[in-house]
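# A look at the structure
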Amino acid sequence: MPGWMQAGGWGLLAGSSLLIGALVGFFVNVPRRLVAAVMAFGAGVLISAVSFELVADAHERAGLPPVVLGAVAGALVYTSCNALLARRGARHRKRSTGQPAEDDAGGSGTAIALGALLDGVPESVVIGASLLAAAGGEAGVSIATVAAVFISNVPEGLSSAAGMKRARRTPGYVFGLWGGIALVSGAAAVVGFALPGGVGAAGLAGIMAFAAGAMLAMIADTMIPEAFDDARLYTGLVTVLGFLIAFAFSSR
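Worth saying up front: this structure is predicted, and the values here are computed from it rather than measured.

We now examine the nonpolar core. In this structure, Leu46, Leu54, Tyr78, Met215, Met218, Ile219 and Met223 are the most contacted members of the largest nonpolar core, which totals 27 residues. For this core, the secondary structure elements donating two or more residues are helix 2 (32–62), helix 3 (64–90), helix 4 (108–129) and helix 7 (200–231). For this core, the element with the most residues is helix 7, which contributes 13 residues. The contact partners of Met215, leaving out residues within four places of it in the chain, are Leu46, Val50, Leu54, Pro122, Glu123 and Val126. Counting residues in hydrophobic clusters, the runner-up holds 11 residues, among them Leu18, Phe26, Ala116 and Met164.

Here we take up a nonpolar patch on the surface. Residues Ile20, Leu23, Val24, Phe27 and Val28 make up a contiguous nonpolar surface patch of about 430 Å² in total accessible area. If you trace the backbone, Ile20 turns up in helix 1 (residues 3–27). What makes Ile20 partly exposed here is its relative accessible area of 43%.

Attention now goes to the UniProt feature "transmembrane region" (unreviewed entry) in the chain. Residues annotated by UniProt as "transmembrane region" (unreviewed entry) correspond here to residues 6–27, 34–55, 67–86, 173–195, 201–219 and 231–249. Annotated as residues 67–86, this span is 100% helix and 0% strand, and its ends, taken at the C-alpha atoms, are 28 Å apart. For residues 201–219, the helix share is 100%, the strand share is 0%, and the end-to-end C-alpha distance is 27 Å.

Bringing the packing of aromatic side chains into the picture now. Each aromatic ring pair is specified by the distance between its two centres and by the angle formed by the two planes. If you walk through the whole model with that rule in mind, you get 5 aromatic pairs. Centroid distance Phe27 to Phe175: 5.5 Å. Interplanar angle 15 degrees. Geometry classified as stacked. Residue Phe27 is located in helix 1, and its partner Phe175 is located in helix 6 (residues 171–194); the two are separated by 148 residues in the primary sequence. Under the relative-accessibility criterion, Phe27 is labelled exposed at 56%. By relative accessible area, Phe175 is classed as buried at 18%.

Our focus in this paragraph is the pattern of salt bridges. Enumeration over the complete set of coordinates arrives at 1 salt bridge. One salt bridge connects Arg61 with Asp57, and the closest N-O pair in it is separated by 3.4 Å. Placement of the pair is Arg61 and Asp57 together in helix 2, with a separation of 4 residues, close to one helical turn. On the accessibility criterion, Arg61 (21% relative accessible area) is partly exposed.

This next bit is on the confidence of the model for the chain. Caution is warranted with low-pLDDT regions, since their predicted coordinates should not be read in detail. Residues at a pLDDT of 70 or more form 84% of the chain, whose mean pLDDT is 81. Within the chain, helix 4 has the poorest average pLDDT of any element, 74, and helix 1 the best, 89.

About the cut-offs
- Within any chain, residue numbers begin from 1 and follow the written order of that chain's sequence.
- Local features in this predicted model are restricted to residues whose pLDDT is 70 or higher, and side-chain atom pairs enter the listing and the counts only when it is 80 or higher, whereas totals over whole chains, interfaces and linings include all residues.
- Where side-chain values are given, they derive from all heavy atoms of the structure, hydrogens and water being excluded.
- Residues grouped as a nonpolar core are buried Ala, Val, Leu, Ile, Met, Phe, Trp, Tyr and Cys residues, joined through side-chain atoms within 4.5 Å.
- Only protein chains enter the area calculation, which uses a 1.4 Å probe; residues under 20% of their type maximum are buried, those over 50% are exposed, and those in between are partly exposed.
- Under the scheme used here, helices are H or I runs from DSSP no shorter than 4 residues and strands are E runs no shorter than 2 residues, and both carry numbers assigned from the N terminus.
- Contacts are assigned to residue pairs with any non-hydrogen atoms lying within 4.5 Å of each other.
- Here, patches come from residues exposed beyond 30% relative accessible area and free of salt bridges, joined within 9 Å for like charges and within 5 Å for nonpolar side chains (Val, Leu, Ile, Met, Phe, Trp, Tyr).
- The Shrake-Rupley method, run with a 1.4 Å probe, gives the accessible areas here. Residue values count only the displayed protein chains as cover.
- Each salt bridge in this description consists of a side-chain nitrogen of Lys or Arg and a carboxyl oxygen of Asp or Glu lying within 4 Å of one another.
- UniProt positions are given in the numbering used here, feature names are shortened, and annotations may be inferred rather than shown by experiment.
- The pairing test for Phe, Tyr and Trp rings, Trp by its six-membered ring, is centres within 6.5 Å, and the orientation test on the planes gives stacked under 30 degrees, edge-to-face over 60, and tilted for anything in between.
- Every residue is assigned a pLDDT by the predictor, reflecting its confidence on a scale from 0 to 100.

See the structure below:
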């Protein structure tokens, strides 16, 4: 199977958990504290993936300068786009409460959809890039990265879909959005597989660090606030558990 097709398949697999989480969040009355705890767990998983699968790998490839430049650039781009979308009604897109209805804030539905894309694309690009092994260009996806993204996507979809339901959004909108994001995740993974070609070690490290910076900014801006909102007494503990489980995957 061609490498780009493998990348698309892995990206689609990781993105499909958004739809799984959305189904649970929309049809099952999950307690808010449980949603917050699962979000904290997902944040820990992603922090681990960023640390050991992205930043550490990028540093090993090309040293500190590309990592710093890429991560700061990724965080700046994400934060700028997120601030713009927040003013359009997407500030609480991952929260199970506080999302505006379209009737209350015109255009918020589009902003939420774009925000979901903004959150998911860096993760999928990394999955595609991970198919290029550090030595020799041999194909081999990082199972730890795929697992981390898959696990973290479940609470994202769950919490956001629960909030969309409370904001009176239709099932067609909710599942069309998350199904579409899953498909885009596959396409973004293909892009991630194609981008590193010819850019050299420093360029690939910069791309990985860019995605890492965007992902860390996303975790701090959208996932941790939702987790702290209703699970503040044990958010740290659950986040550490998620971090350690993801680390166990990456260290095998």
